[in-house]
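If you want the building blocks of each chain, they are given just below.
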Amino acid sequence: MSIGMLINLMQGGILRVIMLCAPVLGAALIVGLIVAIFQATTSIQEQTLTFLPKMIVILVMLALLSGWMFSVMRGYTVDLFSMIPSLAR
């Protein structure tokens, strides 16, 4: 295995991790900003008010995107396993 191949494998893995985490974290960020603006305007400083909406949005996003996430990870895993015979030479 050459250094270039190893770098490509690591780069592909990191890219897929970012690609899979970005929609969920982005949705949580948007909901967090909306709740923070609401708290700043109403002077309500309740901790559960920030936690619960984020948790619900994260669970909904995971439920909606789980099929796509699974197919992306399955494709990467199949690619990795298909490379094993070429690495044994």
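Turning next to helix H1 (residues 3–42). One full turn of an α-helix is made of 3.6 residues, so residues set three or four places apart face in the same direction. Along its 40 residues, H1 runs 56 Å from first to last C-alpha, staying within 8% of the 58 Å computed at 1.5 Å per residue. Within H1 the residues assigned to the buried category are Leu9, Gly12, Gly13, Leu20, Val24, Ala27, Ala28, Val31, Gly32, Val35 and Gln39. If you follow the buried residues of H1, they end up packed against helix H2 (47–88).

Now for H2. Bending of H2 peaks at approximately 60° at the position of leucine 65. Among the residues making up H2, those that are buried are Met61, Met69, Val72 and Tyr76.

A word on a nonpolar patch on the surface. On the surface, Phe51, Leu52, Met55, Ile56, Leu59, Val60, Leu62 and Leu64 cluster together into a nonpolar patch covering about 770 Å² of accessible area. Residue classification places methionine 55 among the partly exposed residues on the basis of a relative accessible area of 34%.

Take the environment of isoleucine 7 next. Locating isoleucine 7 in the fold gives a position in helix H1. Accessibility expressed as a relative area gives 49% for isoleucine 7, which makes it partly exposed. Separated by 10 residues in sequence, isoleucine 7 and valine 17 place their C-alpha atoms 15 Å apart.

The rules behind these values
- Residues numbered from 1 in each chain as written.
- Predicted model: local features only at pLDDT ≥ 70, side-chain atom pairs only at ≥ 80, totals over all residues.
- Heavy atoms only, no water.
- Helix = DSSP H or I, 4+ residues; strand = E, 2+ residues; numbered from the N terminus.
- Expected span 1.5 Å × (residues − 1).
- Buried < 20%, exposed > 50% of the residue type's maximum accessible area, 1.4 Å probe, protein only.
- Contact = heavy atoms within 4.5 Å.
- Bend = angle between axes of the 7 residues up to and from the residue.
- Patch = residues over 30% accessible without salt bridge, like charges linked within 9 Å, V, L, I, M, F, W, Y side chains within 5 Å.
- Areas by Shrake-Rupley, 256 points an atom, 1.4 Å probe, with all protein chains shown as cover.
- Salt bridge = Lys/Arg side-chain N within 4 Å of Asp/Glu carboxyl O.

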